[in-house]
Amino acid sequence: MRPRESLALAVLLFAAAASAQDVQVEASLDADRVGIQDALTLTVTVSGAATGVSEPELPRLDGLKVAGTSTSTSMSIVNGRMSSSRSFLYELLPQQEGTFEIPAIAVEVGGETYRTKPLTVTVVAGSVAPPRARARGSSPLDPFSPFGRSRAPDIDAEDVFARVELSKDHVYQGEPLVVTYWLYTRYSPLGMQVEDDPPLTGFWVEENTTKTDSSGSIRVVNGREYYAYALERRVLVPTQSGTLTLPPFTFSTAFRVTSGDPWDLLSARSSRPMTLRTEPRAIEVKPLPEAGRESGFSGAVGEFDLEAKLDREEVDAGDAVTLTVSLAGKGSLRAVEAPTVADLAGFRTFDPKVRDETHAGPQGLSSAKSWEYVIVPESGGTKELGPWTLQYFDPESGRYVTASAGPLTLRVAGSAVADLDRGASPDARREVKVLREDIRYLKEPPERLGTRSRPYYESPLFYAALLAPLFWNLGLVVFLRRREREKTHSDVFRSRRAQRMARSRLKRAAALTASGSKDFYEEVAAALYRYVADKSSVSASGLTPSSIDRLLEERGVDAELRRELGEVLARSEEARFTPGERTREEMEALRDRVEALLVSLEKPLG
Amino acid sequence: MRLFALALLLQAAYDNPREAFRKAESLYRDQRYAEAAEAYETMRAQGIEDGVLDYNLGNAYFKAGELGRAILNYERALKRMPGDEDVRANLDFANELLADEDDSPPLPAVIGWAVDLYDRLSPSLLAVVLSVVFLLGGVLVSLLLTEHGAGLRTAFLYTLAVLAVVALGSGAALAAKIVSARGRVEAIVLEDNAYVRSGPGNASPRLAEIHEGLKVRVVGEREGWLQVSLSNGLTGWLPADAIERI
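Definitions and limits used
- Residues numbered from 1 in each chain as written.
- Chains lettered and ligands numbered in written order.
- Predicted model: local features only at pLDDT ≥ 70, side-chain atom pairs only at ≥ 80, totals over all residues.
- Heavy atoms only, no water.
- Helix = DSSP H or I, 4+ residues; strand = E, 2+ residues; numbered from the N terminus.
- Buried < 20%, exposed > 50% of the residue type's maximum accessible area, 1.4 Å probe, protein only.
- Areas by Shrake-Rupley, 256 points an atom, 1.4 Å probe, with all protein chains shown as cover.
- Contact = heavy atoms within 4.5 Å.
- Buried area = accessible area lost by both parts, 1.4 Å probe.
- Salt bridge = Lys/Arg side-chain N within 4 Å of Asp/Glu carboxyl O.
- Polar contact = N/O pair within 3.5 Å; in protein donor to acceptor, adjacent residues only side chain to side chain.
- Nonpolar A, V, L, I, M, F, W, Y, C, P; charged D, E, K, R; others polar.
- Pairing = 2+ DSSP bridges.
- Axes fitted to C-alpha atoms, helices over the stretch in contact; angles between N-to-C directions.
- Patch = residues over 30% accessible without salt bridge, like charges linked within 9 Å, V, L, I, M, F, W, Y side chains within 5 Å.
- Core = buried A, V, L, I, M, F, W, Y, C linked by side-chain atoms within 4.5 Å.
- Phe/Tyr/Trp six-rings, centres within 6.5 Å; stacked < 30°, edge-to-face > 60°.
- Lys NZ or Arg CZ within 6 Å of the ring centre and 35° of its normal.
- Parallel < 35°, antiparallel > 145°, perpendicular 65-115°, else oblique.
- pLDDT = per-residue confidence, 0-100.
- Left-handed = near helix turned anticlockwise from the far one by under 90°.

Now for the overall build of chain B. Within chain B one finds 9 helices and 7 strands. The buried share among the 246 residues of chain B stands at 40%. Here chain B displays about 13,400 Å² of accessible surface, and carbon together with sulfur accounts for 59% of that area.

Spelled out as structure tokens, the structure:
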């Protein structure tokens, strides 16, 4: 074992031995008789132990509430012996009057449990007048007191107190009352901290409480002047009848203390924080009387005016009008339902828009509530709306009062509105809301209902429609081809016959040579025309010498032959239309030339 | 004698299908759905075949809580009147309630559109289109045979090409519809739940569990068992009485 370790062990053993010998645990109260408005301090002191002191476990305290804790430690080494004391301070607030016992408190020190002696305290009404030790700013265990000096100046308890002020202490259920917590002081307060603000039972606390102003006013109590500061102001609405208790309101504040010499401003010092509390107060809440209450009583307590108005006095049937019913006055309107709307037959109405305003002030509650209806007249004429009534309870007179508004007159132009635009006002138009999906409804039987008929695609008509084009086009093809063939046939026939026909014409012409008739030339020309026409499968009637020349050129007849043909035709023309006799020789010569032509044309036109 | 006459009169009234429709509808309106379904079934048994009858019967079954039969009859109605919005809406509504999810892969938009068009066209309409196209085409061919002007011939040829495409499409669709109607390959599961087995007979292992209202395709048949294929591609056997062909 090394020297350093052995030294540490020795110290530990020494400390343990010391704690085992001289540990003392004590509990004390700074007063054994306090007022319910006062606070008291419970001190648990552990002396003789330097280490291993754990926080005491406070038992349940009847009639007292722990508002705060603090600790202090002092340590000294005398003659090589270490002595220490550790204090746990509990700020206690009495909750009710009576005598209460603070049971033994267990404190664990160095693994062993020590118990304090039980204590008793008596709580009386009000505040105990003789200033408590604490109020003088020093307690026996004040860490500064051994040095003989009090840091905080003294505050006279008579100079500082708290009060609660009620606007009324006899109210009807539902009638608002104003609660104000006041600080009365002859010093200037330095800030305020709420220590204990128990929840209120049996009251509705209006949230919109206006802030209290921080500047105090001067008030005289028992011939002494005080600054009075309103710390907290609330508007309460009793929700049940009977005697309701307003619990104490606890707060702490420090004060600025001067010597009183107006020139000695620099000597001003801050006092220790003081805990102050108000007295509990009883409030008598009377139930609303039965007498005079109608079945449609609105529940409003206070004093109210009812008003109804329309945004227009003239309107077309089917157009929307806004009807506003408003209620305003002193008192709470939170739970008030819309005044009974008189019969609105002949109007379509929609759910009202509700506006609710409440203002809480030092005088109590002022409320305004309005219901805005969109109504649509369905037919023309002069309509009367209302009157509206609302019964409320007036606590001042202790009686029920009925407020009324209307009736209003509305002139509606036009006649009945068609059903078509039912269901939607201009203001309340909305999408079709699907409530539930379902299958579609049954169908009507068709006109022609019966047994199954053969579908069209199986009917002969369908097949006929498919096959008909095929057949008629086949027929058409056959017809066209036959016609074509017939046409070709006749051409060949003509072509073949052409020579023979031409020669028979020439023969006939030869018979005319004897008579010397000019018809000879006509026959000769006709024979030639006819021949070329037959050979070319064209009609002879439209042919002229020039068109014959073109036709023959197309078919490849040489120029010599064409010239000869043209000459022959020209000669016969000339002979036909010029006066004078033609000799037989002349005619025969022409006939020979034509015959020769026919022979030589036969080959290229073949 | 008078009683007999009355009976005859009643019989005549019942024989009048419109009267029977009215009766069934009043049962339906009174929420006596099972009785309404029975009334419609009686009409069908009497030989009335109509899409409206199928539709109303489907509605009655739907309200009576028989989802499978409702879907079966909606499908039948759709076969008879493929373009009818009411039938389609109710079939879709009923299909929403199916226990089995439709896990067939989604189709590309163009094909989906074509399938939708195919579903909505009735065979009769297709047949009418086909006949009109054929007649028009025939007229055009005739004109082509007789007309010699080059410009007109080109116009006729293009028109003919378009008509040929329409004819091919509608002809193929019609053929497909006729074949599927003849084959009656689609069927609806009517039992609450049925097991698809790997072979005909209860000894075969179960492949899948399917529920009322599911549409399956019948691909084979053997001794009271039907071979079916599901939309997810699974093929197996079901007892013939578990399903009914559309």
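Before going further, it helps to spend a moment on the overall build of chain A. On a plain count of helices and strands, chain A comes out with 6 helices and 31 strands. Across the 606 residues in chain A, those meeting the buried criterion constitute 39%. A fraction of 73% describes how many contacts in chain A between residues 6 or more apart in sequence connect residues 24 or more apart. About 35,400 Å² of surface is accessible on chain A, with carbon and sulfur atoms providing 50% of the total.

Attention shifts here to the interface of chain A and chain B. A common way to report how large an interface is uses the accessible area buried once the components associate. Contacts between the two partners involve 29 residues from chain A, matched on the other side by 44 residues from chain B. Carbon and sulfur atoms supply 64% of the area buried between chain A and chain B, which totals about 3,200 Å² over both sides. The interface formed by chain A and chain B contains 4 salt bridges. A:Arg440 is the salt-bridge partner of B:Asp86, the closest N and O atoms lying 2.8 Å from each other. Where chain A packs against chain B, one counts 15 residue pairs in polar contact (both at pLDDT 80 or more). Split by residue class, the side of chain A that touches chain B holds 17 nonpolar, 3 polar and 9 charged.

All names here are of chain A. The sheet built from 3 strands is open, its strands ordered 2-9-6 with mixed pairing. Looking at the sheet topology across the chains shown, the edges are occupied by strand 2 (33–35) and strand 6 (98–102). Taken pair by pair, the neighbouring strands of this sheet meet at an average axis angle of 30°, ignoring direction. As judged from the 3 bridges shared by strand 2 and strand 9 (residues 119–124), these two strands associate in the parallel manner. Looking at strand 9, one finds that Gly 35 is bridged to Val 124.

So, on to a nonpolar patch on the surface. Taken together, the side chains of A:Tyr463, A:Leu467, A:Leu470, A:Phe471 and A:Leu474 present a nonpolar region at the surface, about 530 Å² in accessible area. Its location among the elements puts A:Leu470 in helix 2 (residues 460–513).

Quick look at the nonpolar core now. B:Tyr28, B:Tyr40, B:Met43, B:Phe62, B:Ile71 and B:Tyr74 are the most contacted members of the largest nonpolar core, which has 37 residues in total. Among the elements of the structure, helix 2 (17–29), helix 3 (33–45), helix 4 (51–63), helix 5 (67–80) and helix 6 (85–96) of chain B are those that each provide at least two residues to this core. Those residues in contact with B:Tyr40 that sit more than four places away from it in its chain are A:Leu442, B:Phe21, B:Ala24, B:Glu25, B:Leu53, B:Asn56, B:Leu57 and B:Ala60. Core analysis: the next-biggest nonpolar cluster, separate from the first, contains 30 residues, A:Ala509, A:Ala533, A:Ile548 and A:Leu551 among them.

Counted by the stated rule, this structure contains 38 salt bridges over all chains. Between A:Arg530 and A:Asp534 there is a salt bridge whose closest N-O contact spans 3.8 Å. Note that A:Arg530 and A:Asp534 are positioned in helix 3 (residues 519–536) at a spacing of 4 residues, about one turn of the helix. B:Arg44 is paired through a salt bridge with B:Asp54; the nearest N and O atoms lie 2.2 Å apart. Taken as a pair, B:Arg44 in helix 3 and B:Asp54 in helix 4 lie far apart in primary sequence, 10 residues in all.

With that settled, consider the sheet that holds strand 31 (residues 408–413) of chain A. Residue and element names in this part refer to chain A. With mixed pairing, the 3 strands of this open sheet are ordered in space as 23-31-28. The open sheet terminates on both sides in strands that have one partner only, identified here as strand 23 (314–316) and strand 28 (381–385). If you compare each strand with its neighbour and ignore which way they point, the axes differ by 30° on average. Two elements, strand 23 and strand 31, share 3 bridges in a ladder whose sense is parallel. Along strand 31, the bridge assignment pairs Val 315 with Val 412.

All names here are of chain A. Counted residue by residue, strand 16 (residues 224–238) has 11 buried out of 15 residues, so it is predominantly covered. Pairing of strand 12 (residues 177–185) with strand 16, which is carried by 9 bridges, proceeds in the antiparallel orientation. Looking across to strand 16, one finds that Trp 182 is bridged to Ala 230. Relative to strand 16, strand 14 (residues 203–205) is paired through 3 bridges, and the arrangement is antiparallel. When the sheet's bridge partners are listed, Phe 203 is paired in strand 16 with Pro 238. Where strand 15 (residues 217–221) lies against strand 16, 5 bridges are found, and the strand directions are antiparallel. What sits directly across from Val 220, in strand 16, is Glu 225.

Before going further, it helps to examine the packing of aromatic side chains. Applying the stated criterion across every chain, the model contains 16 aromatic pairs over all chains. For the ring pair A:Tyr184 and A:Tyr226, a centre distance of 6.3 Å and an interplane angle of 75° mean the geometry is edge-to-face. On the criterion of sequence distance, the pair formed by A:Tyr184 in strand 12 and A:Tyr226 in strand 16 is long-range, its members being 42 residues apart. Taken individually, A:Tyr184 and A:Tyr226 each receive the classification buried, so the pair is uniform in this respect. A network of ring pairs unites the aromatic residues A:Phe161, A:Tyr184 and A:Tyr226 as a single cluster. Geometry around B:Tyr55 places A:Lys443 over its ring, the cationic atom sitting 5.2 Å from the centre.

Here we come to unusual backbone geometry. Among all residues except glycine, the phi angle is most often negative; among peptide bonds, the trans geometry is most common. Residues and elements named next belong to chain B. In the Ramachandran plot, Gln 31 falls in the positive-phi region, its phi being about 65° despite a non-glycine side chain. Residue position: Gln 31 is located in the loop between helix 2 and helix 3. Using a relative accessible area of 58% as the deciding quantity, one classes Gln 31 as exposed.

All names here are of chain B. Among the structural elements, Glu 186 can be located in strand 1 (residues 186–189). In this structure the side chain of Glu 186 is engaged in a polar contact, spanning 3.4 Å, whose partner is the side chain of Lys 215. Glu 186 has contacts with Lys 79, Lys 215, Val 216, Arg 245 and Ile 246, leaving out every residue within four places of it along the chain.

With that out of the way, let us pick up the packing of helix 2 of chain A against helix 6 (residues 584–605) of chain A. Residue and element names in this part refer to chain A. The contact between helix 2 and helix 6 brings their axes to 10 Å, and the two run at 175°. Considered as vectors, helix 2 and helix 6 are oriented roughly antiparallel to each other. Note on element contacts: helix 6 touches helix 2 through Arg 584, Met 587, Glu 588, Arg 591, Val 594, Glu 595, Leu 598, Val 599 and Glu 602, opposite Gln 499, Ala 502, Arg 503, Leu 506, Ala 510 and Thr 513. Here the contact of helix 2 with helix 6 is composed, by residue class, of 7 nonpolar, 2 polar and 6 charged.

With that settled, consider the confidence of the model for chain B. Looking at chain B, pLDDT values average 85 and 92% of them are 70 or higher. ipTM for the predicted complex: 0.71, alongside a pTM of 0.40.

This paragraph deals with the pairing of strand 7 (residues 106–109) of chain A. All names here are of chain A. A one-sided burial pattern is seen for strand 7, the buried positions being Val 107 and Val 109 and the unburied ones Ala 106 and Glu 108. Relative to strand 8 (residues 112–115), strand 7 is paired through 4 bridges, and the arrangement is antiparallel. Across the sheet, the residue bridging to Val 107 is Tyr 114, located in strand 8. Hairpin connection, strand 7 to strand 8: the antiparallel pair is bridged by 2 residues, and Gly 110 has positive phi, about 55°.

Moving on, we get to the packing of helix 3 of chain A against helix 5 (residues 559–577) of chain A. Residue and element names in this part refer to chain A. Between helix 3 and helix 5, the least distance of the axes is 9 Å, while the angle of their chain directions is 150°. Relative to helix 5, helix 3 is oriented roughly antiparallel. Crossing handedness for the pair helix 3 and helix 5: left-handed. Counted together, Tyr 521, Glu 522, Ala 525, Leu 528 and Tyr 529 of helix 3 and Leu 565, Val 568, Leu 569, Ser 572, Ala 575 and Arg 576 of helix 5 form the full contact between these two elements. When its residues are assigned to classes, the contact of helix 3 with helix 5 shows 8 nonpolar, 1 polar and 2 charged.

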